[in-house]
Amino acid sequence: MKLVKKHGLLRGLCLLIIMISVPGMALAQIQANTILKSKYIWGGVLMGDGAVIQGNLKYTAENGLFVGGMFSTLDFSHPGNNQIDVKAGYSGSFGKLDYETGLVRHGFTGDSPTDEDAGVLRSFFSGSLGSIRFIVLSPLNDSSWTSAGDVYANIGFVKPLPADFRVAVSAGAYYFNDDAVFSDGRVAFEKTQSFAFRDATLSIERAVPSLPVDLGLHYSIGGERQNGLELDDHVWFSINMRLP
């Protein structure tokens, strides 16, 4: 069943690419990268155990429609535990604001604790204005880590430095609409607060001269879940290879 779902996602992704490719194929844009992370921190939560490898692919047509996906390992000791995200939407600009809006589906495979959360769908709006970056996401269905109507917002900035260095700072907060529940109705995280600081990350990165590679050192500060449970802080590094 999981294999069928995974193949269905891939077929749907290919179909969307074909649909938005005409017209404007000549001016279409494809972005891809591969990242090695010593730890995977997602919305303040440590995902998996140890280092992960991630791949991102995004296709944007001339008319602004885009489709993309992200694949991430979660646990090298259990190769079947992976995260697969698929997103689609529209990108454009308004004055100096570049933005994207659409839907992203988070899927998880294998026997990890997040296995039953496959199929979480979230709407999103993200953008950049100069050095400022932001994203707002809201789920459309319940799962063991979020509920429909929750809102997560993250804002930050990127500052270029001499010698190909740059520093980035971001912080995120959650509005909690309801308890987070498992698919069988059991409560995973009982809501004890409506709003909470969720996470913050300080990053120092450097582009490797003459190579499409970025090296990064990151410090992530954990906030709180729905029930007030505190998340841990983490130090981790990354190697990001941008594909031509």
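Refer to the preceding data block for the structure.
Residues numbered from 1 in each chain as written. Predicted model: local features only at pLDDT ≥ 70, side-chain atom pairs only at ≥ 80, totals over all residues. Heavy atoms only, no water.

(A) Structural view of the packing of aromatic side chains. Applying the stated rule across the entire model yields 8 aromatic pairs. Their ring planes at 50 degrees and their centres at 6.4 Å tell us that Tyr-90 and Tyr-99 sit as a pair that is tilted. Site record: aromatic cluster; members linked through ring pairs are Tyr-90, Tyr-99, Phe-125 and Phe-134. (Phe/Tyr/Trp six-rings, centres within 6.5 Å; stacked < 30°, edge-to-face > 60°.)

(B) Seen up close, the environment of Asn-56. As for its position among the elements, Asn-56 is in strand S4 (residues 52–60). Sequence separation between Asn-56 and Gln-31 is 25 residues, and the spatial gap between their C-alpha atoms is 7.9 Å. Filtering out sequence-adjacent residues up to four positions away, Asn-56 remains in contact with Gln-31, Ala-32, Asn-33, Ile-35, Gly-69 and Met-70. (Helix = DSSP H or I, 4+ residues; strand = E, 2+ residues; numbered from the N terminus. Contact = heavy atoms within 4.5 Å.)

(C) Molecular detail of the pairing of strand S9 (residues 132–139). Examined bridge by bridge, strand S8 (residues 120–129) and S9 share 8 bridges and lie antiparallel to one another. Each residue of the ladder has a partner; that of Phe-125, found in S9, is Val-136. Hairpin connection between S8 and S9: a loop of 2 residues separates the two successive antiparallel strands, and Gly-130 in this loop has a positive phi of roughly 65 degrees. As paired strands, S9 and strand S10 (residues 151–160) are joined by 6 bridges and run antiparallel to one another. (Pairing = 2+ DSSP bridges.)

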